[in-house]
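Next come the chains, spelled out residue by residue.
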Amino acid sequence: MITPYALKLAIQSLLKEKWINLLSVLTIAAGLLIISISFLVLYNIDIATKRLPEKFSMTVYLDNSLQRDRLDSVIDSFKKRKAVLSVKYISKDEAIRELKSSLKNSDYILEGLEENPLPASLEIKLREDDVRAETAQQLAGEALKIKGVTEVDYGDKFLSTLNTIKKGFKAIGLVFVAILSTGIIFVCYSTVKILFYRRTEEIETFKLLGATKGFIRTPFIIEGAVIGACGGLLSLAGCFFFYYALLMRLSINMPVFKSVLFPANLFMPLPVIGMLLGITGATIALGRLKY
Amino acid sequence: MIDFQNVTKDYDNQTAIRDVSFSAGKGEMIFLTGPSGSGKSTLLKLIYLAERPDNGEIIIDGFETSNIRESSIPLVRRKIGIVFQDFRLLENRTVFENIALALRIRGVSERETKSRAYDALKTVNLRHKSDSYPKTLSGGEQQRVVIARAIVPEPAILLADEPTGNLDPDTAEGVARIFKDIHAKGTTILIATHNRDLYKNTGKRVLRLDSGNLTGEGLG
């Protein structure tokens, strides 16, 4: 239980051991700042990869002999699927027109053709969350079973590469966060351990006078929490400095940095995260100490 | 209140207390005497659970302490006020803070702590030294601060280890008077001392220890 006296003891110790505490705060702040900057990089990569699916579409090639009423039922069967966002019919004429416009000045290569060799097709766009190799593969398999569908092109390599990139960055991010969080916990753990050893005699007197473990522990846990929270607060300030004073200034000469997004609200819990890591470190330290 | 039954305590194969049995009733005042190294301090440490017996049983105010759980030790210690031989005052805290600590540990409110700590300081005639630090006090004054800290929670048992060890006769007499007053309030007191003047003509029980053995019992 946090009593006013436990709070008083914690504040006294924080002030008395100011140098070791300051060092711990700076170390924690540095750790959290590195985590935050890594998060900022990952966040921007994630946003960039999320935009790619907007450009992704499946092309379902249709049999030339497909009748209009049959075509409508094929389109409907795709539209009914949950993963499908939109279905656009591209007729043979439209297809050749698009090809010509994309060839621009090189359209002479089509001049020798007596008839339009391009098939009619359906351009299917998937919902953002369903742009996955598995979903597209499943849909392609089902499409091929439909009478009138001759071929499906769904960019499987593009999708699996995109997924691998996303998973890779997530894994690297998680490992990075785990390593640095452990480091921060270890800093708090070591700090509390040192503070504890420096007060061994006092703690022995506390015990002999009838103090419970809770009475002895609470000030140290408060200290861990304050050290962690201060580290978090400092890292939060560091994040804003990094973005506004560094990236934004750099963007004057290097416009590429202008597109970097800064989700300020996602960084706001840093002091709380620091505090929780501090409490964890202090609790582990106190659990391992014999007193 | 205190019950020793065939208690033995060894330190590295050297016996500090051997097969000691005695009882102290509620409100009783007992002097424990004997030469240095006779086991007086060890016996007190066994009572406040700074040491555990190798053999025998110790019962403190109903608590059987041989197999006591770690979490119950503070409960036993809160029944006991201790006047340590080495004082154990916190050097970085004022006299008031040192005395108040005994109450804060017991969860007494700040308001009550303040009033009781000052009352205890008055009892030992050190009210004017409340803001001083232990290092600035004389040995006799420090001894009285330790007594004030021991009595402020109004414990059922008061243990004192050589409470007049380094005091001049006048100050020692003052300390003896304080113990008498506390005893008059019904506190069980056990004083380890080799100062004969402290128990002479008191009419109280005197237990004699020698090389860890309880060798005699009489009245002071």
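On a predicted model such as this, the values are computed, not experimentally measured, just so you know.

Calculation criteria
- The residue count restarts for each chain, going from 1 along the sequence in the order it is written.
- Chain letters and ligand numbers both follow the written order, the letters beginning at A and the numbers at 1.
- Side-chain atom pairs in this predicted model are given and counted only at pLDDT of 80 or more, local residue features only at pLDDT of at least 70, and totals for whole chains, interfaces and linings cover all residues.
- Secondary structure elements follow DSSP: runs of H or I no shorter than four residues count as helices, runs of E no shorter than two count as strands, and numbering proceeds from the N terminus.
- The globule rule is 2.2 Å times the number of residues to the power 0.38, and the radius of gyration it is compared with is taken over C-alpha atoms.
- Any residue pair is listed as a contact if its two C-beta atoms, each placed from the backbone, are within 7 Å.
- All domain edges in this entry derive from an automatic or database-based domain assignment.
- Residues are sorted three ways: Asp, Glu, Lys and Arg are charged, Ala, Val, Leu, Ile, Met, Phe, Trp, Tyr, Cys and Pro are nonpolar, and all the rest, Gly among them, are polar.
- When DSSP locates at least two bridges between a pair of strands, those strands are taken to pair.
- Helix axes use the C-alpha atoms of the stretch in contact, all axes being lines fitted to C-alpha atoms, and the angles between their N-to-C directions lie in the range 0 to 180 degrees.
- If an angle is under 35 degrees, it is roughly parallel; if it is over 145, roughly antiparallel; if it lies from 65 to 115, roughly perpendicular; otherwise it is oblique.
- Scored from 0 to 100, pLDDT reflects the predictor's confidence in each residue.
- Definitions for this section: a left-handed crossing has its near helix turned counterclockwise from the far helix by less than a right angle. A right-handed crossing has that turn clockwise.
- Each residue after the first adds 1.5 Å to the expected span of a helix.
- To sort residues by exposure, count the other C-beta atoms lying within 10 Å of each residue's C-beta; 20 or more gives buried, 12 or fewer gives exposed, and values between give partly exposed, all with C-beta atoms placed from the backbone.
- Arc definition: it is the arc formed by the directions from the helix axis to the C-beta atoms.

Engineer: Is there a simple way to explain the overall build of chain A in this structure?
Structural biologist: Scanning chain A from N- to C-terminus turns up 10 helices and 4 strands. Taken from N to C terminus, the helices and strands of chain A fall in the order α-α-β-α-β-α-β-α-β-α-α-α-α-α. The C-alpha atoms of chain A give a radius of gyration of 31 Å, which is well past the 19 Å a tight globule of 291 residues would have. Dimensions along the principal axes, computed over C-alpha positions, put chain A at roughly 100 × 45 × 25 Å. Residue pairs in contact within chain A that sit at least 24 positions apart in sequence constitute 87% of those at least 6 positions apart.

Engineer: What am I meant to see in the overall build of chain B here?
Structural biologist: Each helix and strand counted, chain B has 7 helices and 10 strands in total. At 17 Å, chain B has a C-alpha radius of gyration in line with the 17 Å of a compact globule built from 220 residues. For chain B, the C-alpha atoms occupy an extent of roughly 45 × 40 × 35 Å along the three principal directions. Here the contacts in chain B between residues at least 6 apart in sequence split such that 67% fall between residues at least 24 apart.

Engineer: Please explain the domain arrangement of chain A as it appears in this structure.
Structural biologist: Reports often express the size of an interface as the amount of accessible area lost when the parts come together. If you check the domain split of chain A, you get domain 1 (4–51 + 162–288) and domain 2 (57–154). For domain 1 of chain A versus domain 2 of chain A, the separation of C-alpha centres amounts to 53 Å.

Engineer: I keep staring at the domain arrangement of chain B and nothing clicks. Help me out?
Structural biologist: All names here are of chain B. What the domain assignment lists for chain B is domain 1 (2–79 + 155–219) and domain 2 (94–154). For domain 1 versus domain 2, the separation of C-alpha centres amounts to 23 Å. Every contact between the two is made by 10 residues of domain 1 and, on the other side, 11 residues of domain 2. By residue number, the principal contributor to the side of domain 1 that touches domain 2 is helix α6 (residues 169–184), which donates 4 residues. Broken down by class, the residue content of the side of domain 1 that touches domain 2 amounts to 7 nonpolar, 2 polar and 1 charged.

Engineer: What's the story with the sheet that holds strand β4 (residues 55–60) of chain B in this structure? I'm lost.
Structural biologist: By way of backbone hydrogen bonds, the strands of a sheet pair with one another, either parallel or antiparallel. All names here are of chain B. Spatially, the 4 strands line up as an open sheet ordered β2-β1-β4-β5, and their pairing is antiparallel. For this open sheet the edge positions go to β2 (14–24) and β5 (63–64), each flanked by a neighbour on one side alone. Along the sheet, helix α1 (residues 40–47) contacts β1 (2–11), β2 and β4; its crossing angle with β2, the most-contacted strand, is approximately 60°.

Engineer: Explain the sheet that holds strand β7 (residues 157–161) of chain B to me, please; I cannot follow it from the model alone.
Structural biologist: All names here are of chain B. Strand order across the open sheet formed by 6 strands is β6-β7-β8-β3-β9-β10, with mixed pairing between neighbours. Of all the strands in the sheet, the pair left with one neighbour each is β6 (80–83) and β10 (213–219). Taken over all neighbouring pairs, the strand axes of this sheet differ in orientation by 15° on average, direction set aside.

Engineer: Whenever I open this one, the packing of helix α5 (residues 139–151) of chain B against α6(B) confuses me. Can you help?
Structural biologist: Residue and element names in this part refer to chain B. Where α5 meets α6, the axes come as close as 10 Å, and the angle between the chain directions of the two elements is 10°. The pairing of α5 with α6 is recorded here as roughly parallel in orientation. Between α5 and α6, the contacting residues are G140, Q143, I147 and I151 on the first element and T171, V175, I178 and I182 on the second. Grouping the constituent residues of the contact of α5 with α6 by class yields 5 nonpolar, 3 polar and no charged.

Engineer: Help me out: how do you make sense of the environment of V124(B) in this one?
Structural biologist: Relative to the elements of secondary structure, V124(B) occurs in the loop between α4 (110–123) and α5. As a C-alpha pair, V124(B) and R144(B) span 20 residues in sequence and 5.8 Å in three-dimensional space.

Engineer: What's the story with the confidence of the model for chain B in this structure? I'm lost.
Structural biologist: Overall, the prediction assigns chain B a mean pLDDT of 91, with 100% of residues at 70 or greater. Scoring the predicted complex yields pTM 0.74 and, for the interface, ipTM 0.89.

Engineer: How do you make sense of the interface of chain B and chain A when you look at a structure like this?
Structural biologist: Counting residues at the interface gives 14 residues for chain B and 11 residues for chain A. At the level of elements, α2 (73–77) and α3 (95–104) of chain B are the ones that each hand at least two residues to the side of chain B that touches chain A. Take the side of chain B that touches chain A: its biggest share by element is 3 residues, from α3(B). Of the residues in the side of chain B that touches chain A, the class split is 8 nonpolar, no polar and 6 charged.

Engineer: Which parts of the structure should I look at to understand the packing of helix α6 (residues 156–198) of chain A against helix α8 (residues 213–253) of chain A?
Structural biologist: Packed helix pairs are specified by the crossing angle of their axes together with the interaxial distance, meaning the distance between the axes. Residues and elements named next belong to chain A. At their nearest, the axes of α6 and α8 sit 10 Å apart, and the two run at 140° to each other. Judged on the interaxial angle alone, α8 and α6 are oblique. For the crossing formed where α6 meets α8, the hand is right-handed. Where α6 abuts α8, its residues C188, T191, V192, L195 and F196 lie against F220, E223, G224, I227 and G228. Here the residues of the contact of α6 with α8 sort into 6 nonpolar, 3 polar and 1 charged.

Engineer: Whenever I open this one, α4(B) confuses me. Can you help?
Structural biologist: Residues spaced three or four apart along an α-helix face the same direction, because each turn holds 3.6 residues. All names here are of chain B. The first and last C-alpha atoms of α4 sit 20 Å apart over 14 residues, in line with the 20 Å expected at 1.5 Å per residue. Within α4 the residues assigned to the buried category are T113, A117, A120 and L121. Looking down the long axis of α4, one finds its buried residues gathered within 100° of arc, a one-sided arrangement. Set apart from the buried face of α4 by more than 90 degrees, the exposed residues are R111, E112 and S115. Backbone geometry just after α4 places N125 at a positive phi near 60°.

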